[in-house]
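Residue strings, one per chain:
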Amino acid sequence: PGRTKYDCIVIGAGIQGSFTAYHLAKHRKKTLLLEQFPLPHSRGSSHGQTRIIRRAYAEHFYTDMMEECYQLWAELEKESGTQLYRKTGLLVLAKSGNEEYETVCKNMTEKQIPWENLSPAEMKVRYPGLFLSPGEVACCDINGGVLYADKALRAVQMLFKQMGGVIRDGEKVMHIKPGPVVTVTTNSSIYEADGIVITAGPWAQKVLRPLGLQLPLKTLRINVCYWREKIPGKSGILQSLPCFLGFNLNGEEHEVYGLPSQEYPGLIKICFHGGNEADPEERDLKVQNPEIQDIAKLSSFISRYIPGLHPRPAVVEQCMYTNTPDENFILDHHPLHKNIVIGAGFSGHGFKLSPVVGKILSELCTGEKESYDLKPFRISRFKTPLKAAL
């Protein structure tokens, strides 16, 4: 059959791949975006209606990238005529003296990000349903808020298509043949491209292994939990509580985060930033034992900090995370094949950063000068990821 030749092929149409394709199309590259499942789907990490957006980060490089992300999200809202961001503020909660918390405050001060320290008295007035203990502290990243995730994904893909980009969903990549021109074989077609970008989320390992690359990626299944008030309207928590992020509260090693729920009116979304290893092919299996423990810990967090909520979740959904050991992204070329670019390990905090991640991956694919220092994101930070060629 006649093979279609593209400048660039992006594999995986989650938010990172979709933004990569969008930036490539903006640069007039003939681009194909491949997705193994029919769109939209809930098998990966980009579904659901809401994600947190913030500049409150301990890592200065994310704080810097977020400055441009806010601009690009605003641009996307304009181009698509859709509201994608709601400013709620983001509370950061921690035990006094928590190192990560101190770094976040220092970062926001240095970068002149609008933020405020909240005294216990101010907390009581503003957020009457949230109970902090003596010795716990709170600050607010004023422009933190909510991104409308599924709307954002649709908007990026729509604009990509308007710029002449091609999306093929329900096409699973079966084989990638490296070379000066890369050949990508799916279950129904064969395509060629000068460069490809792999943003396969939880499936990154499966796609990269045949290319001799073993990255230290873990796929985790996360419980996304929604909670209702014991007496609707009584605690005022649904009206007053913005997004929040708690570092090591209640003696937990995991961060807990929460955000007003769009999905289910009258519920609030509160989850652990962590989960249990699982195969992405089996994400819809029944909830396993360690996952029930996670929910028990969340229940104890809620009883302690937000007692106006019912301590049992009203709804539990699942989402896949893909994490690197240091929880930083992978944005790099394949060590042996420079025209194969990899974006992976975004989970738990990648969505808000996707406009800039997409820009970086498109620059790597076209050989443009990189807009950011990619040292924190290089594959070389891991020990020997290259296997002997198969």
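Residues numbered from 1 in each chain as written. Predicted model: local features only at pLDDT ≥ 70, side-chain atom pairs only at ≥ 80, totals over all residues. Heavy atoms only, no water.

- The name given to the protein in an unreviewed UniProt entry is Peroxisomal sarcosine oxidase, with the source organism recorded as Xenopus tropicalis.
- Quoted verbatim from the Sequence similarities (unreviewed entry) field of the UniProt record, the comment on the protein reads "Belongs to the MSOX/MTOX family." (UniProt positions renumbered as here; feature names shortened; annotations may be inferred.)

**Quick word on helix α2 (residues 60-80)**
Moving on, step 1. A rise of 1.5 Å per residue sets the reference length of α2, with its 21 residues, at 30 Å; its end C-alpha atoms lie 30 Å apart and thus fit the reference within 8%.
Moving on, step 2. Those residues of α2 that fall on the buried side of the exposure criterion are Phe61, Tyr62, Thr63, Met65, Met66, Glu68, Cys69, Tyr70, Leu72, Trp73, Leu76 and Ser80.
Moving on, step 3. Downstream of α2 by a residue or two, Gly81 has a phi angle that is positive, lying close to 65°. (Helix = DSSP H or I, 4+ residues; strand = E, 2+ residues; numbered from the N terminus. Expected span 1.5 Å × (residues − 1). Buried < 20%, exposed > 50% of the residue type's maximum accessible area, 1.4 Å probe, protein only.)

**Quick look at the domain arrangement of the protein**
Moving on, step 1. Per the domain assignment, the segments making up the protein are domain 1 (4-47 + 150-215 + 325-381) and domain 2 (90-142 + 218-323).
Moving on, step 2. Computed over C-alpha atoms, the centres of domain 1 and domain 2 are 31 Å apart.
Moving on, step 3. Listed by partner, the interface residues are 16 residues for domain 1 and 13 residues for domain 2.
Moving on, step 4. Of all residues in domain 1, Arg43, Pro202 and Ser347 give up the largest surface area on contact with domain 2, accounting jointly for 37% of the area buried on that side. (Domains from an automatic or database assignment. Contact = heavy atoms within 4.5 Å. Buried area = accessible area lost by both parts, 1.4 Å probe.)

**A few points about the sheet that holds strand β8 (residues 145-148)**
Moving on, step 1. Pairing within the open sheet is antiparallel, and its three strands lie in the order β3-β8-β4. What marks the edges here is a single partner per strand, and that holds for β3 (50-53) and β4 (85-87). Neighbour to neighbour, the strand axes of the sheet diverge by 30° on average, direction disregarded.
Moving on, step 2. Where β4 lies against β8, three bridges are found, and the strand directions are antiparallel. Along β8, the bridge assignment pairs Arg86 with Val146.
Moving on, step 3. Running over the sheet, α2 touches β3, β4 and β8 and is turned about 135° from β3.
Moving on, step 4. Relative to β8, helix α5 (residues 149-162) is tilted by about 50°, and along the sheet it contacts β3 and β8. (Pairing = 2+ DSSP bridges. Axes fitted to C-alpha atoms, helices over the stretch in contact; angles between N-to-C directions.)

**Points about the side chain of Ser299**
Moving on, step 1. Topologically, Ser299 is positioned in helix α8 (residues 289-305).
Moving on, step 2. For Ser299, a relative accessible area of 14% translates into the label buried.
Moving on, step 3. When sequence neighbours within four positions are dropped, the list of residues in contact with Ser299 reads Trp227, Pro311 and Pro313.

**Looking at the packing of aromatic side chains**
Moving on, step 1. Taken as a whole and judged by the stated rule, the model has 16 aromatic pairs.
Moving on, step 2. Plain terms: the ring middles of Phe37 and Trp203 are 5.4 Å apart, the flat faces sit at 65° to each other, and that makes the pair edge-to-face. Taken together, the residues Phe37 in the loop between β2 (31-35) and β3 and Trp203 in the loop between β12 (190-198) and α6 (204-208) connect sequence positions 166 residues apart. We note that Phe37, like Trp203, is buried.
Moving on, step 3. Each ring, one from Phe61 and one from Phe377, has its centre 5.4 Å from the other, and the planes form 90°; the classification is edge-to-face. Of this pair, Phe61 sits in helix α2 while Phe377 sits in the segment after α9 (354-366); the two residues are 316 residues apart in sequence, bridging distant segments of the chain. Of the two residues, Phe61 and Phe377, neither departs from the other in class, the shared state being buried.
Moving on, step 4. Every member of this aromatic cluster is reached through a ring pair, and the members are Tyr57, Phe61, Tyr62, Phe329, Phe346 and Phe377. (Phe/Tyr/Trp six-rings, centres within 6.5 Å; stacked < 30°, edge-to-face > 60°.)

**As for the environment of Ala152**
Moving on, step 1. With respect to the helices, strands and loops of the structure, Ala152 is situated in helix α5.
Moving on, step 2. Of the residues examined, Ala152 reaches a relative accessible area of 0% and is grouped as buried.
Moving on, step 3. Separated by 25 residues in sequence, Ala152 and Lys177 have C-alpha atoms that sit 32 Å apart.
Moving on, step 4. Setting aside chain neighbours within four positions, we find Ala152 in contact with Ile15, Trp73, Leu76, Leu84 and Phe351.

**With respect to the packing of helix α1 (residues 15-26) against α5**
Moving on, step 1. Their axes nearest at 9 Å, the elements α1 and α5 cross at an angle of 30°. Classified by the angle between their axes, α1 and α5 sit roughly parallel to one another. In this structure, the crossing between α1 and α5 has a hand that is left-handed. Facing α1, whose interface residues are Ile15, Ser18, Phe19, Ala21, Tyr22 and Ala25, α5 presents Ala152, Leu153, Val156, Gln157, Leu159 and Phe160. (Parallel < 35°, antiparallel > 145°, perpendicular 65-115°, else oblique. Left-handed = near helix turned anticlockwise from the far one by under 90°.)

**Points about the nonpolar core**
In globular proteins that are soluble, nonpolar side chains generally tend to be buried together.
Moving on, step 1. By size, the foremost hydrophobic cluster in this structure holds 46 residues, and its most contacted members are Met65, Trp73 and Leu353.
Moving on, step 2. Among the elements of the structure, β1 (4-11), α1, α2, α5 and α9 are those that each provide at least two residues to this core.
Moving on, step 3. Counting residues per element, this core draws most heavily on α2, at nine residues. (Core = buried A, V, L, I, M, F, W, Y, C linked by side-chain atoms within 4.5 Å.)

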